[in-house]
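Chain by chain, the residues:
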Amino acid sequence: MLFKISLSGVKARWKDYLVLFSGMMITTAIFYMFEAISTNDKFTTNSPVGQNAKVVFIFGSILLAIITLVYVFYANNFLMSMRKHDYGLFMMLGAKSGVISKLIILETIVIGLVSTLVGIVFGIGVTQILSDFLGNALHISLTNFSAFYMPAVWTTIIMFLVLFVIAGFLNARTFVKTSALQLLRSGQQSDWKQPKTSHLMIQAILGIVLLAGGYYALYDIMRLKIMAIAIGLVTIVLGTYFVFNSFFVMLLEWLQRSKMSSKGLNSFTLAQLKFRIRDYTKILSVVSLLFALALGAITVGVGFQNMVPKLAEGNGYYSVALTNPTAKQGSLIGQIKGKSTVIYQQKVDSQTKHVYYRADQLKQQPMKYAHFTNQAQLKSKVSNASLKDFKDVNSDPYQALSSLQAPTIQSYKIQVVSAQTFSQINAKTNALFLVRAHDMDAASPQLTKITELQQKQYHVKDLQMGSFTMYQLLKGVFGSLEFMGIFLGIAFLAMLASCLMFKILSGTASDKIRFDMLNKIGTRRSVLSHSILAQILGLFALPAVLGIIDVAFGLQMFVQGHLLTSAYQTFGITTIGFVILYLIYFVVTVLIYSKIVVPKTKVER
């Protein structure tokens, strides 16, 4: 009977439960997406760089587990806040505490298990779609990666099941020790307590010191090695919490004492924030960390993506070289958009092992070659080869032209002769096609097919004829890191926005009563909308600012480790794009929140 009454209460609040269920489902899906990569050793260690990335994933899993723990208990508190009044009423009607405890544990575990299973299915689908999209966009082959990975499924189920079992027993213990009257009035009680200024100052100083220590550890990664990540993980997490728990409270206190609080509904907005101050400081800390992880992951992923073409082009100007291309190869060359081509006549003397080129052609269309001026910053220069350069076998132009020839004659000596001498050489005239694709990423499908045809033609697996072969090699090394960085960045973005959005929307039930009251006393709709906008903007802006600062200092780990070049140039571009996506979540949250809490009937004076 009690279970039926409880079920009817759930049906009465199905919209609130839908918010909770959606949030838990997305959280589970994102956790699975991360585990689908981090638990797949074959995928993460399929390159020399990926083997080092495995350590980063271990610490990332620990941090994500901590964040998931915070979110699950926040969601659990939301669940209990909806049920406290109902359970208090049951106790007033004489229900035994033991029966209610069993009901609480059962309800918590059932909701958690269902949301976990649905979230895993959703996570598999999103992982498949996102991996296919990124694989095509980045032009990489995801070797050994699978959207459905059983170890990730079991890790996710065990993780969330343990969390919800613990949450269920904690809920039961809390209800047993709470009186029925307190449960009935829980929705009207604020968690605000007047803090001591000295405590806030101590937390603020401690938070700044911890953050500074974490930033320095990441900067000094060459000396601290793996310990830098461990130190940063602990200090930045704790520092973020202390900063929000002190500065956020001090900011609210200062705003309430300022003249600003007397304008419009500012005093009401500040009171709204103070009403749930403890929950907000926790969730803002989590969102700030997720913001830093998401922005950092995308910045690093895009950074690696930008490095590949620069490294390839610095090792050679021409993307691919073809000797006497077939009709099929010619068709593929024609499909490349944005290209430069040059053709040189060539004669090969197998007996003397010489390769002859016409001086007039090389003079009329000088061969271009690339060389690094600053390899640490991936700065390269393109120069024109002179006829004199081909007399020195050790010169860059000579070596560049030699590498562009067919594999069978790359060891032959190059000799540049006049047109008359060239015509007198008794050998077949070949055509050497040199093709430069200005956008190697876009031309990757055609260049890959051309390279595969040449491998079959010359029976050489590791073909070295143009910078595209270097591009393919670098894609093999950095490709998985590009994918992991952007993939996880998108996942963390979805999680942080979901955490904050569902936290804000979880308070709409009680907020609706307050906004309805303001509407009845004649408050204009525009004033209500302004209050909502200011409240939600503050909650979105604070973690974003600290998250951007975290990434700005955290990138030093990659700069000092010589893993990324132009890191901060990439950081500026990705930050703009990331903030735009973040603002979309902000606008959606404002619209949904306004639709729920603002009364439909206007009562204006």
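Look up a bit, the structure's there.
Residues numbered from 1 in each chain as written. Predicted model: local features only at pLDDT ≥ 70, side-chain atom pairs only at ≥ 80, totals over all residues. Heavy atoms only, no water.

> Looking at this model, I keep getting lost on a nonpolar patch on the surface. Mind explaining?
A surface patch of nonpolar side chains, amounting to about 670 Å² of accessible area, comprises Phe-148, Met-150, Trp-154, Ile-158, Val-162, Ile-166 and Leu-170. Mapped onto the fold, Ile-158 is located in helix H6 (residues 150-176). (Patch = residues over 30% accessible without salt bridge, like charges linked within 9 Å, V, L, I, M, F, W, Y side chains within 5 Å. Areas by Shrake-Rupley, 256 points an atom, 1.4 Å probe, with all protein chains shown as cover. Salt bridge = Lys/Arg side-chain N within 4 Å of Asp/Glu carboxyl O. Helix = DSSP H or I, 4+ residues; strand = E, 2+ residues; numbered from the N terminus.)

> Explanation requested: helix H15 (residues 396-404) in the structure shown.
Two residues of an α-helix separated by three or four positions point the same way, owing to the 3.6 residues in each turn. Where H15 is concerned, the buried positions are Pro-397, Tyr-398, Leu-401, Ser-402 and Leu-404. Each buried residue of H15 lies within a common arc of 165° when the element is viewed along its axis, so the set occupies one face. Structurally, the start of H15 carries an N-cap: the backbone nitrogen of Tyr-398 is 3.3 Å from a side-chain oxygen of Ser-395. (Buried < 20%, exposed > 50% of the residue type's maximum accessible area, 1.4 Å probe, protein only. Arc of directions from axis to C-beta. Polar contact = N/O pair within 3.5 Å; in protein donor to acceptor, adjacent residues only side chain to side chain.)

> Is there a simple way to explain the side chain of Thr-156 in this structure?
With respect to the helices, strands and loops of the structure, Thr-156 is situated in helix H6. Note on Thr-156: relative accessible area 0%, which makes it buried. At a separation of 2.7 Å, a polar atom in the side chain of Thr-156 contacts the main-chain carbonyl oxygen of Ala-152. Excluding anything up to four places from it in sequence, Thr-156 contacts Thr-28, Phe-31, Tyr-32, Glu-35, Thr-116 and Ile-120. (Contact = heavy atoms within 4.5 Å.)

> For this particular structure, what's the right way to read helix H22 (residues 567-597)?
For H22, spanning 31 residues, the distance from its first C-alpha to its last is 43 Å, which sits close to the expected 45 Å at 1.5 Å a residue. The set of residues buried in H22 consists of Ala-567, Thr-570, Phe-571, Thr-574, Thr-575, Phe-578, Tyr-582, Phe-586, Thr-589, Val-590, Tyr-593 and Val-597. (Expected span 1.5 Å × (residues − 1).)

> What am I meant to see in unusual backbone geometry here?
Peptide bonds are mostly trans, and most non-glycine residues show a negative phi. Backbone geometry places Asn-324, a non-glycine residue, at a positive phi of 50°. With respect to the helices, strands and loops of the structure, Asn-324 is situated in the loop between strand E1 (320-323) and helix H13 (327-335). When its relative accessible area of 31% is taken as the criterion, Asn-324 is described as partly exposed. Backbone geometry at Lys-353 places phi at a positive 55°, although glycine is not the residue there. Relative to the helices and strands, Lys-353 resides in the loop between strand E2 (339-349) and strand E3 (354-358).

> Please explain the pairing of E3 as it appears in this structure.
It is a general feature of regular strands that their side chains alternate between the two faces of the sheet. The buried fraction of E3 amounts to five of the five residues, a majority that puts the element mostly inside the structure. In the sheet, E2 pairs with E3 via four bridges, with the strands oriented antiparallel. Bridge pairing in E3 links Lys-347 to Tyr-356. The turn linking E2 back onto E3 is made up of four residues, and Lys-353 within it adopts a positive phi angle of 55°. In this structure, E3 lies alongside strand E6 (residues 413-417), joined through five bridges in parallel fashion. Paired with Tyr-356 across the bridge in E6 is Gln-415. (Pairing = 2+ DSSP bridges.)

> Where do I start with the pairing of E2 in this structure?
Pairing analysis gives nine bridges linking E2 to strand E7 (residues 429-437), with the strands arranged antiparallel. Across the sheet, Thr-341 pairs through a bridge with Val-435, a residue of E7.

> I would appreciate a short explanation of the sheet that holds E3 in the present structure.
Sheet strands pair via backbone hydrogen bonds, and the direction of the pair is either parallel or antiparallel. Strands sit in the order E1-E7-E2-E3-E6 across an open sheet of five strands; the sheet is mixed. Since the sheet does not close on itself, it has two edges, and those belong to E1 and E6, each with one partner. Adjacent strand axes in the sheet meet at a mean angle of 30° when their direction is disregarded. Contacts from H15 reach E1, E3, E6 and E7, with the element oriented near 105° to E6. Contacting E1 and E7, helix H17 (residues 444-458) crosses the sheet at an angle of about 45° to E1. (Axes fitted to C-alpha atoms, helices over the stretch in contact; angles between N-to-C directions.)

> Please explain the pattern of salt bridges as it appears in this structure.
One side chain can pair with another of opposite charge once the charged atoms of both are near each other. Taken as a whole, this structure holds two salt bridges when the rule is applied. As a salt-bridge pair, Arg-223 and Asp-220 come within 2.7 Å of each other at their nearest N and O atoms. With relative accessibility at 14%, the residue Asp-220 sits in the buried group. Arg-358 is paired through a salt bridge with Asp-360; the nearest N and O atoms lie 2.6 Å apart. Judged by relative accessible area, Asp-360 falls into the partly exposed class, the value being 33%.

By themselves, these observations are geometric and do not establish any function.
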